[in-house]
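Examining the three-dimensional arrangement
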Amino acid sequence: MNILLTTIVSLVVFFIATKDVHAQVPDNCDEIILRTLIKELPATEITSLICDDKIYISLNELFGFIKVKYDFLGADKTLMEGFYLETENTYSIDTQSNLIIYNDRRYDLAETDLITTTNNLYIRLPILDRVFKFNSSFSFRSLTISMISAEELPVMKEARVLERRLNITRLT
């Protein structure tokens, strides 16, 4: 009897939790994992959304991979702040106001340019390119996002410094 009750309660909790997570992704969107290729970095997989013909990438997952500083503010995670590449290059992404401020430059966005879920802040690829100086393309055939950054990313800088340290260690 206890096993049956535990199983029923577990299933109810699972279905309620699953419903809440999926309810936040718009009906016209599919959440998928896309292979992401950034020039000079190993391939990674990043959660993304395909909504009609628009591609959104999880900004917090991308920033985590390339080691860009970010913090979500507030319990509802409607504000993301941090710095991009250098500490003086601050940015703020306000999902309620559909606004990005980066280096004191204001980017007013359409309501459809950002999508927030419990775990992710998704941004449309063209907006990411425009604000953070990427050149991105998406292949439906291979479900791959290819990206080139106009600037050296923190993860690249970190790898370069590590390589130099290893070379110095080999020489000594």
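Residues numbered from 1 in each chain as written. Predicted model: local features only at pLDDT ≥ 70, side-chain atom pairs only at ≥ 80, totals over all residues. Heavy atoms only, no water.

Attention now goes to the overall build of the protein chain. Looking only at helices and strands, the protein chain has 4 helices and 12 strands in total. Across the 172 residues that make up the protein chain, the buried fraction comes to 37%. A sequence separation of at least 24 residues applies to 42% of the contacts in the protein chain between residues at least 6 apart. With the model as given, the accessible surface of the protein chain reaches about 10,800 Å², and the carbon-plus-sulfur share is 55%. (Helix = DSSP H or I, 4+ residues; strand = E, 2+ residues; numbered from the N terminus. Buried < 20%, exposed > 50% of the residue type's maximum accessible area, 1.4 Å probe, protein only. Contact = heavy atoms within 4.5 Å. Areas by Shrake-Rupley, 256 points an atom, 1.4 Å probe, with all protein chains shown as cover.)

Turning next to the state of the cysteines. Taken as a whole and judged by the stated rule, the model has 1 disulfide. Here Cys29 connects covalently by a disulfide to Cys51, the sulfurs 1.9 Å from one another. The sign of the S-S torsion, about 110°, decides the handedness of the disulfide formed by Cys29 and Cys51: right-handed. Taken together, the residues Cys29 in strand E1 (residues 29–38) and Cys51 in strand E2 (residues 44–51) connect sequence positions 22 residues apart. Residue class for Cys29 comes out buried when judged on its relative accessible area of 8%. (Disulfide = S-S within 2.5 Å.)

Moving on, we get to the side chain of Ser48. Along the polypeptide, Ser48 turns up in strand E2. Ser48 sits in the buried class, given a relative accessible area of 0%. A distance of 3.2 Å separates the side chain of Ser48 from the backbone oxygen of Ile46, its partner in a polar contact. (Polar contact = N/O pair within 3.5 Å; in protein donor to acceptor, adjacent residues only side chain to side chain.)

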